[in-house]
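# Summary of structural features
Listed below are the residues making up each chain.
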Amino acid sequence: MPWPAADQNEQWVDWSWFNNHGWRALPPYKPFDVDKFCALHPECEGAVLRFVWPSGKPDQHYAHYYDGFTRNGKKVAGYGWAHPFKPVADVMESWKVALGERVPKLIGTDYEDVTDWNPTKAQWTSTLQSTWEAQQLTFPNAAHMSYSRASWLDLHIIPGDWFHDILWWLAHWIFPPSLNRQARHWNEIELPIDNNFTPWRGRVVKIRQENVVGWQGSSRGEIVPRAYSDLDWFQKSFIGPVYNGGVPPEPPGPDPVPVEVVVPTGKTNVTVREV
C-alpha cells in the first residue's frame, strides 16, 4: 500500500540551526525570515523544529522559528535527541531547559548516527525504549513520535513487543521516476505514489503501517534561500486531533491474543487459554 493520497496529508517542513550552517548554506549564517517564508509558501501547514542538539545544548534558533511560525498561524512541533550514554532523566532535563515555555503540542525524538557515538545494538535499543517512555511522562500534555530511517533501525535496534507502541516519523528520501533526484518542492511528489512505495517498509524491524504518522520525503527542498530544507508529509488523521483540541493519539496497543473458551457440558467452570 502506498503512502496516502495528497488530500489525506499536510505539507510540513523541518528546520534547525544545522540547515543554516551545513550542506548548501551560505553566509550570513542567520535564521531565515519566517514571515516571508510563510507568505511565499501558504501550502506549508506546519514546521518541526529542533530544540536541542545531540549534546543536550539548546538549538540557538528554536525560539526564533517557534515564535515566527506560531505568529503566522502555522502548527509547530519540536524534536530533540536521545543519548545512549546519558541517563534518560538528564536528557529530559536538557529538553525542558531548551523548550522553556515554548512546549509544542507534538514532540519527536531523533535517532540517527552521531560521529563520536559508538553504542551497541543493546544500548541503542535500551535508549529508544527508555526515551520513548520518559518523553511521555515528562511532557504528558503533548503527543509524541520518534524519527529515524527504517534502514537505520534495522541495523541498530533489537525489536520487541514494546517497539510497536512507538509512533514514527520516518525519513525515506525517494527519487521520483520523473525526476531521478530528490524533490525540491512538495508538489514534485505526487501522492499517492504508484511505485509500491511505503515509508514503513523495513527488513528486520518491520515497522507497522499504522504506526507511521509522518514521512520525511526529501532532504533537498529548495524553499528558502541559502540552504536545503527537509520536506515532510504528516497524515491529517494524526495531526487533526493533536492541534484541534482533541486528545493526543495514543500509540497502537499490542495485537490481541486469540483465545479459546471451553465450556464443559454440565459444569460451571469455564476455561480460557491462549491458542
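Now for a description of the structure that goes with this document.

What counts and how
Residues numbered from 1 in each chain as written. Predicted model: local features only at pLDDT ≥ 70, side-chain atom pairs only at ≥ 80, totals over all residues. Heavy atoms only, no water. Helix = DSSP H or I, 4+ residues; strand = E, 2+ residues; numbered from the N terminus. Phe/Tyr/Trp six-rings, centres within 6.5 Å; stacked < 30°, edge-to-face > 60°. Buried < 20%, exposed > 50% of the residue type's maximum accessible area, 1.4 Å probe, protein only. Lys NZ or Arg CZ within 6 Å of the ring centre and 35° of its normal. Pairing = 2+ DSSP bridges. Axes fitted to C-alpha atoms, helices over the stretch in contact; angles between N-to-C directions. Contact = heavy atoms within 4.5 Å. Expected span 1.5 Å × (residues − 1). Parallel < 35°, antiparallel > 145°, perpendicular 65-115°, else oblique. Left-handed = near helix turned anticlockwise from the far one by under 90°. Nonpolar A, V, L, I, M, F, W, Y, C, P; charged D, E, K, R; others polar.

## Section: the environment of glutamate 222
Examined against the element boundaries, glutamate 222 turns out to sit in the loop between β7 (212–221) and β8 (229–235). With 36 residues separating them along the chain, glutamate 222 and tryptophan 186 place their C-alpha atoms 9.9 Å apart.

## Here's the deal with the packing of aromatic side chains
In the structure shown here, the tally under the stated rule is 23 aromatic pairs. Considering the side-chain rings of tyrosine 79 and tryptophan 169, the 6.0 Å spacing of their centres and the 75° angle between planes classify their relative orientation as edge-to-face. Separated by 90 residues along the polypeptide, tyrosine 79 in strand β3 (residues 75–81) and tryptophan 169 in strand β6 (residues 168–171) bring together distant segments of the chain. In terms of burial, tyrosine 79 and tryptophan 169 fall into one category: buried. Members of the aromatic cluster, joined through ring pairs, are Trp12, Tyr79, Tyr147, Trp169, Phe234 and Tyr243. Taking the ring centre of tryptophan 53 as reference, the NZ or CZ of lysine 57 above it sits at 5.6 Å.

## Quick look at the environment of proline 159
For proline 159, the position within the fold is in the loop between α6 (150–156) and β6. When the C-alpha atoms of proline 159 and isoleucine 207 are compared, they prove to be 9.6 Å apart, with 48 residues separating the residues in sequence.

## As for the sheet that holds β3
An order of β1-β2-β3-β4-β5-β6-β7-β8 is seen for the eight strands of this closed barrel, with the pairing classed as mixed. Strand-to-strand twist across the sheet, computed as the mean angle between neighbouring axes with direction ignored, equals 30°. Running over the sheet, helix α3 (residues 62–71) touches β1 (9–15), β2 (44–50) and β3 and is turned about 165° from β2.

## Describing helix α5 (residues 121–138)
Look at α5: 25 Å from first C-alpha to last across 18 residues, which is about the 26 Å you get at 1.5 Å a residue. What α5 keeps buried is the set Trp124, Thr125, Thr127, Leu128, Thr131, Trp132, Ala134 and Gln135. If you follow the buried residues of α5, they end up packed against α4 (88–99), β4 (106–110), β5 (143–148), α6 and β6.

## Notes on the packing of α4 against α5
Two elements in contact, α4 and α5, have axes whose closest approach is 10 Å; the angle formed by their N-to-C orientations is 45°. Comparing the axis directions of α4 and α5 gives the class oblique. When you trace α4 past α5, the crossing you get is right-handed. Contact residues: α4 offers Val88, Met92, Trp95 and Lys96, while α5 offers Ser130, Thr131, Ala134, Gln135 and Thr138. Along the lines of polarity and charge, the residues of the contact of α4 with α5 split into four nonpolar, four polar and one charged.

Remember that the coordinates give geometry; whether it matters functionally is a separate question.
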